[in-house]
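# Observations on chain architecture
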Amino acid sequence: MKPSTRHMLGLTLAALGLLYLIGTAPVLPAWAWGLVGAAVMFALRRYGAPEEALGLGAALAGWALGALGADLTGLQSLKLVGTGLGIGLWGWQDGHDLAAWTGGALLVAGALVFLWESAVGTWAALGLLALGAWLVLRRGEETSAPTDAGDEEVFAQLVRWRNRRAAEAGTRNVEVLSDAELGCIAALENPTEPEAVARCLERGGAKRAAEIAEALRGASRG
């Protein structure tokens, strides 16, 4: 067999043996066998095993530390957190994107399980509930739609103006005037004053504000 095939087969057999020892935990607790397995994988990598040995070692080390924490606290989510940290750190350190993303996913999953099984979860859920309710009920400073008859007329004039300008420039109408800017201007007490219009604009300054105010004055005269 080729050396690489031999190395991969040897690594696979060693990993299977370690998984059995971790699963049955003879003499030593499972987390201790995890640390032993990590040390074995790191040593095998040093003596010519494929680089996957380093990833397995990192995963075993992270899981072992998480399992130790789980034994001490009763929080099984720590196993997921530890494994995710181990794999993620290895992937980040060695530039393996898949490993880094896998580790991150395990870490997030572990964090969610931790919130579910710990007392912190209740407070976190209440916090999310409060945040969601605040976002729904919060009154924004921007007005995206007209609120009275006067606003409706200005709103319609602005819509026609920005559509015309967008057609002339060959671009999207929201790039000429965003919905937020349009709503803010339509709600102004005097939208034909450039200074007032300028306060609603996200970009463009006095020149753009003067153009919009003039367009509204022209529409009113028409």
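This report concerns the structure included in the present document.

### Quick notes on the overall build of the protein
Within the protein, the secondary structure is distributed over 11 helices and 0 strands. Counted from the first residue to the last, the protein has its helices and strands arranged as α-α-α-α-α-α-α-α-α-α-α. In the protein, buried positions account for 31% of the 222 residues. Long-range pairs, those at least 24 residues apart, make up 47% of the contacts in the protein between residues at least 6 apart in sequence. Surface accessibility of the protein: about 13,900 Å² in total, with carbon and sulfur atoms responsible for 64%.

### A closer look at the nonpolar core
Counting 18 residues, the largest nonpolar core has Leu 158, Leu 177, Ile 185, Val 197, Leu 201 and Ile 212 as its most contacted members. Those elements that provide at least two residues to this core are helix H7 (149-169), helix H9 (179-186), helix H10 (194-198) and helix H11 (205-221). Excluding residues within four positions of it along the chain, Ile 212 makes contact with Leu 158, Trp 161, Leu 177, Ile 185, Val 197 and Leu 201. Judged by nonpolar contacts, the second largest core, of 14 residues, contains Ala 15, Ala 38, Ala 53 and Ala 64.

### Considering the packing of helix H4 (residues 77-94) against helix H5 (residues 97-117)
Each pair of packed helices gets described by two things: the angle between the helix axes and the distance between those axes. Where H4 meets H5, the axes come as close as 7 Å, and the angle between the chain directions of the two elements is 160°. Taken together, the axis directions place H4 and H5 in an arrangement best described as roughly antiparallel. When you trace H4 past H5, the crossing you get is left-handed. Residues Ser 77, Leu 80, Val 81, Thr 83, Gly 84, Leu 85, Ile 87, Gly 88, Trp 90, Gly 91 and Trp 92 of H4 touch H5, and the partners they reach there are Ala 99, Ala 100, Gly 103, Leu 106, Leu 107, Ala 109, Gly 110, Ala 111, Val 113, Phe 114 and Glu 117. Within the contact of H4 with H5, the residues separate by chemical class into 14 nonpolar, 7 polar and 1 charged.

### Side note on the side chain of Glu 181
Inspection of the secondary structure puts Glu 181 in helix H9. Reaching out from Glu 181, the side chain makes a polar contact with the side chain of Arg 208 at a distance of 3.0 Å. Excluding anything up to four places from it in sequence, Glu 181 contacts Cys 200, Leu 201, Glu 202, Arg 203 and Arg 208.

### Quick look at the packing of helix H2 (residues 30-46) against helix H3 (residues 52-73)
In the contact formed by H2 and H3, the axes pass within 8 Å of each other and the chain directions differ by 165°. Judged by the angle between their axes, H2 and H3 are roughly antiparallel. Our pair here, H2 against H3, has a crossing hand that is left-handed. Side by side, H2 and H3 meet where Ala 30, Trp 31, Gly 34, Leu 35, Gly 37, Ala 38, Met 41, Phe 42 and Arg 45 of the first sit next to Ala 53, Leu 54, Leu 56, Gly 57, Ala 58, Leu 60, Ala 61, Trp 63, Ala 64, Ala 67, Leu 68 and Asp 71 of the second. Tallied by class, residues from the contact of H2 with H3 come to 16 nonpolar, 3 polar and 2 charged.

### A closer look at the state of the cysteines
Per the counting criterion, the structure on display carries 1 disulfide. Cys 184 shares a disulfide with Cys 200; S-S distance 2.1 Å. Linking Cys 184 and Cys 200, the disulfide has an S-S dihedral of approximately -65° and is accordingly described as left-handed. Taken together, the positions of Cys 184 in helix H9 and Cys 200 in the loop between H10 and H11 put the pair 16 residues apart, joining distant regions of the chain.

### Remarks on the pattern of salt bridges
Pairing is possible between side chains of opposite charge, provided their charged atoms come close. Counted by the stated rule, this structure contains 6 salt bridges. Salt-bridge contacts for Arg 172 lead to Glu 175; the nearest nitrogen and oxygen are separated by 3.3 Å. Given the relative accessible area of 53%, Arg 172 is considered exposed. Residues Arg 217 and Glu 214 are paired through a salt bridge, measuring 2.9 Å at the closest nitrogen-oxygen approach. Here Glu 214 and Arg 217 lie together in helix H11, a separation of 3 residues that amounts to about one turn. Classification of Arg 217 as partly exposed rests on a relative accessible area of 28%.

### A word on the environment of Arg 172
Inspection of the secondary structure assignment puts Arg 172 in the loop between H7 and helix H8 (173-176). In this structure the C-alpha to C-alpha distance between Arg 172 and Arg 162, which are 10 residues apart in sequence, comes to 9.1 Å.

### Describing the environment of Pro 29
For Pro 29, the location among the structural elements is in the loop between helix H1 (3-24) and H2. Measuring from C-alpha to C-alpha, the distance between Pro 29 and Asp 71 comes to 9.7 Å, with 42 residues separating the pair along the chain.

### Some remarks on H4
Over its 18 residues, H4 runs 26 Å from end to end, which matches the ideal 26 Å to within 8%, given 1.5 Å per residue. At its buried positions, H4 is contacted by H3 and H5.

Conventions used here
Residues numbered from 1 in each chain as written. Predicted model: local features only at pLDDT ≥ 70, side-chain atom pairs only at ≥ 80, totals over all residues. Heavy atoms only, no water. Helix = DSSP H or I, 4+ residues; strand = E, 2+ residues; numbered from the N terminus. Buried < 20%, exposed > 50% of the residue type's maximum accessible area, 1.4 Å probe, protein only. Contact = heavy atoms within 4.5 Å. Areas by Shrake-Rupley, 256 points an atom, 1.4 Å probe, with all protein chains shown as cover. Core = buried A, V, L, I, M, F, W, Y, C linked by side-chain atoms within 4.5 Å. Axes fitted to C-alpha atoms, helices over the stretch in contact; angles between N-to-C directions. Parallel < 35°, antiparallel > 145°, perpendicular 65-115°, else oblique. Left-handed = near helix turned anticlockwise from the far one by under 90°. Nonpolar A, V, L, I, M, F, W, Y, C, P; charged D, E, K, R; others polar. Polar contact = N/O pair within 3.5 Å; in protein donor to acceptor, adjacent residues only side chain to side chain. Disulfide = S-S within 2.5 Å. Salt bridge = Lys/Arg side-chain N within 4 Å of Asp/Glu carboxyl O. Expected span 1.5 Å × (residues − 1).

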